[in-house]
Amino acid sequence: MANIVEVRDLSVTFKTSEGLVYAVSGVNLDLAEGKTLALIGESGSGKSVTMKSLMRLHPPHKTAIAGQITVAGQDVLSLGGKALGDLRGKEIAMVFQEPMLAFDPVFTVGDQIAEVVVRHEGCSYQAGRDRALEMMECVQIPSPRKRLDAYPHEMSGGMRQRAMIALALSCRPKVLLADEPTTALDATVQIQVLLLLRQLQRDLGMSMIFVTHDVGVAIEVADETAVMYAGRIIEQGPVDTVMTNPWHPYTQGLLGATVYPDMDREARLVAIPGAPPQLYRQITECAFAPRCPHAVEECLQPLPPPMVMGDRMARCVRLPEVAQLAENAVTTPS
Amino acid sequence: MFLYICRRIVYTVPIALAVAVVCFSLVHLAPGDPLSAVIPADAPAEVVERIVKAYGMDRPLPVQFFSWLGRAIQGDLGVSVATGRPVAAEISRALGSTFILAFAAALLGFLFGILFGTIAAFLQGRWSDRLVTGIALFGVSVPHYWLGLLLVIIFSVQLDWLPSLGAGSGSFMDRFPYLILPAVTMSFIPMGIVTRTVRSTVSELLGSEFVTSLRARGLSNVSIAKHVAKNAAPSVLAVMGLQFGYLLGGSILVETVFSWPGTGYLLNGAIFQRDIPLLQGIILTLSMFFVALNLFVDVLQTLFDPRIRRS
């Protein structure tokens, strides 16, 4: 099957007042049509930066992006302003983490959706409004006609996120980027929005990249997963095999620190000691080595190329013995 | 919306009343006898008594206040001590000149302020930003009577391009040259303040998540600018309203430097001649304009930002 998104050797560097920040280094991603990829990692691991790069949303004068990004057959990094605008919102759309911040507060939700439809389909404002209504129904917002004229602050958190999804899907994008879309919501609303997203993704045959730090959510929605640490993808593969049999010590640690349904009541969650590294220098060795229980001398040497076996990949010097150790020791959620 | 406006108008009444009290008491708080300018120093006691009675100054202060206020509401601000003409007529004549000057200065100041502020926000940190921010800083820091004198020296005395005194007479085109120097002088402060407000408001908005979200929707820069403008409008309007109020009321120095026949010039004369009714009348009129302007800006803000209506 054709890949709708291909990322090759993506590196993103930010210029800050304290020097360069190497936010993302050497990321490769493939997303097939109609599939969902979960991008997992803790805060600052480069998930959101990677996502924003797919739409080239970083401020250009403070950001250096290297590598190659192809979305729906277009080379994103070489597109001109107009062509980039045509791609954004039409071929690839994004659902943001905090809908309260992602909506313009002084325009009604209906107007904002209609504006995007008019922009990409060149239709009349009225046709845009009609599409907005259709989308609001599609994301199951109660009394959608009334909600069209609501301002973002007049909606509840869950409804706002549904409206955000309606906006993102209004031009039938081929790829949907969801940047922790449920993190800002109440637990009960989280699962509704999650199920809605999965349903829409399947119904519309979209591809989706889903950023989360919640392993349970990843298992729920994704086909594939990529685990990020300190700006690199350290493990990648089908979500069920990666989650049941993690290879990389970081993935193992992440799973060890996660609650799962059939967990033993007495069991304690094991935290990963230490903190992620600062990214003010380009880390060429394994960035996880200082926190890794299996680290040895050679982990401080520059990282070897990714180890690929079948449909899985991991970047650890001590593979496959570490993966073997884990299989015997770690209990994982199913 | 309608309810909000009504409520806002009702709130204005106590403010206006308080302003009137302050205007009235100024005269009695100022050192010296308010009637000393009218009464000759060697007047016999019975003449003094007659004059005091004629001005109603023998009655208790609250009674004086309400009778003054009652007449003021009907448009009767008393008679000027210096000229013997009705204060209301004096003020309405001067008000026109002041309005023209304030409008011209506001137009210049706001136009350049918005332009400079937007440029600075979009090109933050680059040389054009620094240049514009420097001009804005100059605008708010420089004393404008000094700037007025400087402009007179350059454009009237040295180059002899523009007149430096009065408001001229005849058709609009004949009078226009008289307006240029005072308007430019007065525009510097609002220009500087509006530049700074627009720069900080717009640059904050440009860094906000919703602008990223607008970009992610594929909207053009023009459309995004529309969104940013509507978001920036309430705070910029608030500052502009305040500045326009200052332009109306605070032009004493500039009007005096240019002998511009406006309320500031009139006020300056009234202060030196201790023309109490005129003084009270001008201060009251300008204050009421300020109050009305604030009301207008408040209502305007709600048109741009729906969130204000609720709180």
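Residues numbered from 1 in each chain as written. Chains lettered and ligands numbered in written order. Predicted model: local features only at pLDDT ≥ 70, side-chain atom pairs only at ≥ 80, totals over all residues. Heavy atoms only, no water.

Undergrad: Tell me about the overall build of chain B, and name the residues and values.
TA: Along chain B, the regular secondary structure elements total 13 helices and 0 strands. Moving toward the C terminus, one meets the helices and strands of chain B in the order α-α-α-α-α-α-α-α-α-α-α-α-α. In terms of its C-alpha atoms, chain B occupies a principal-axis envelope of roughly 85 × 55 × 35 Å. A buried classification covers 44% of the 311 residues belonging to chain B. Taking as baseline every contact in chain B between residues at least 6 positions apart, the subset at least 24 positions apart corresponds to 74%. Total accessible area computed for chain B in this model is approximately 16,000 Å², and 70% of it derives from carbon and sulfur atoms. (Helix = DSSP H or I, 4+ residues; strand = E, 2+ residues; numbered from the N terminus. Buried < 20%, exposed > 50% of the residue type's maximum accessible area, 1.4 Å probe, protein only. Contact = heavy atoms within 4.5 Å. Areas by Shrake-Rupley, 256 points an atom, 1.4 Å probe, with all protein chains shown as cover.)

Undergrad: I'd like a description of the sheet that holds strand β12 (residues 312-314) of chain A, backed by residues and values.
TA: All names here are of chain A. Read across the sheet, 8 strands follow the order β6-β7-β8-β3-β9-β10-β12-β11 without closing on themselves; strand pairing throughout is mixed. The open sheet has two edge strands with one neighbour each: β6 (92-95) and β11 (307-309). For this sheet the average axis-to-axis angle between neighbouring strands, irrespective of direction, equals 20 degrees. The sheet contact formed by strand β10 (residues 232-238) and β12 spans 2 bridges and is antiparallel. Along β12, the bridge assignment pairs Gln236 with Met313. Taken strand by strand, helix α11 (residues 249-256) contacts β3 (36-40), β9 (224-229) and β10, and its axis lies near 100 degrees from that of β9. (Pairing = 2+ DSSP bridges. Axes fitted to C-alpha atoms, helices over the stretch in contact; angles between N-to-C directions.)

Undergrad: Go over the packing of helix α6 (residues 144-158) of chain B against helix α7 (residues 172-206) of chain B with me, naming the residues and quoting the values.
TA: All names here are of chain B. Two elements in contact, α6 and α7, have axes whose closest approach is 9 Å; the angle formed by their N-to-C orientations is 145 degrees. Every pair of crossing elements has a handedness; the one defined by α6 and α7 is right-handed. On α7, the residues that touch His144, Leu147, Gly148, Leu151, Val152, Phe155 and Ser156 of α6 are Leu181, Val184, Thr185, Phe188 and Ile189. A breakdown of the residues in the contact of α6 with α7 according to their chemical character gives 8 nonpolar, 4 polar and no charged. (Left-handed = near helix turned anticlockwise from the far one by under 90°. Nonpolar A, V, L, I, M, F, W, Y, C, P; charged D, E, K, R; others polar.)

Undergrad: Explain the sheet that holds strand β4 (residues 63-71) of chain A to me, and be specific about the residues and the numbers.
TA: Residue and element names in this part refer to chain A. On the basis of which strands lie adjacent, the open sheet formed by 4 strands has the order β2-β1-β4-β5 and antiparallel pairing. Whereas interior strands pair on both sides, the edge strands pair on one side only; in this sheet they are β2 (19-32) and β5 (74-75). Pairing geometry for strand β1 (residues 3-16) and β4, over 8 bridges, is antiparallel. By the bridge assignment for β4, Ser11 is matched with Ala66. Docked against the sheet, helix α1 (residues 47-54) engages β1, β2 and β4, running at close to 115 degrees with respect to β1.

Undergrad: I'd love a proper account of the packing of helix α4 (residues 87-122) of chain B against helix α9 (residues 221-249) of chain B, names of residues and values included.
TA: All names here are of chain B. Contact geometry of α4 with α9 gives a least axis separation of 9 Å together with a crossing angle of 145 degrees. Relative to α9, α4 is oriented so that their crossing is right-handed. Residues Thr98, Phe99, Ala102, Phe103, Ala105, Ala106, Phe110 and Ile114 of α4 pack against Met240, Gln243, Phe244, Leu247 and Leu248 of α9. In the contact of α4 with α9, the residues fall into 11 nonpolar, 2 polar and no charged.

Undergrad: Describe the interface of chain A and chain B, listing the residues and the values that go with them.
TA: Listed as interface residues are 25 residues of chain A and, on the opposing side, 21 residues of chain B. Contact between chain A and chain B buries roughly 2,100 Å² in total, counting both sides, with carbon and sulfur atoms accounting for 60%. On inspection of chain A and its partner chain B, the count reaches 1 salt bridge. We note a salt bridge from Lys226 of chain B to Glu115 of chain A, for which the minimum N-O separation is 3.8 Å. Counting across the chain A and chain B interface gives 11 residue pairs in polar contact (both at pLDDT 80 or more). Going through the elements one at a time, α3 (99-102), α4 (109-121) and α7 (157-169) of chain A are the ones with two or more residues in the side of chain A that touches chain B. Per-class residue counts for the side of chain A that touches chain B are 14 nonpolar, 6 polar and 5 charged. (Buried area = accessible area lost by both parts, 1.4 Å probe. Salt bridge = Lys/Arg side-chain N within 4 Å of Asp/Glu carboxyl O. Polar contact = N/O pair within 3.5 Å; in protein donor to acceptor, adjacent residues only side chain to side chain.)

Undergrad: Let's hear about the pairing of β10 of chain A: which residues, and what values?
TA: All names here are of chain A. Burial analysis of β10 places 7 of its 7 residues in the buried class, which makes it a mostly covered element. Relative to β10, β9 runs antiparallel, the two being bridged by 6 bridges. Note on β10: the bridge partner recorded for Thr225 is Gly237. Between β9 and the antiparallel strand that follows it, β10, lie 2 residues; Ala230 among them carries a positive phi value of about 50 degrees.

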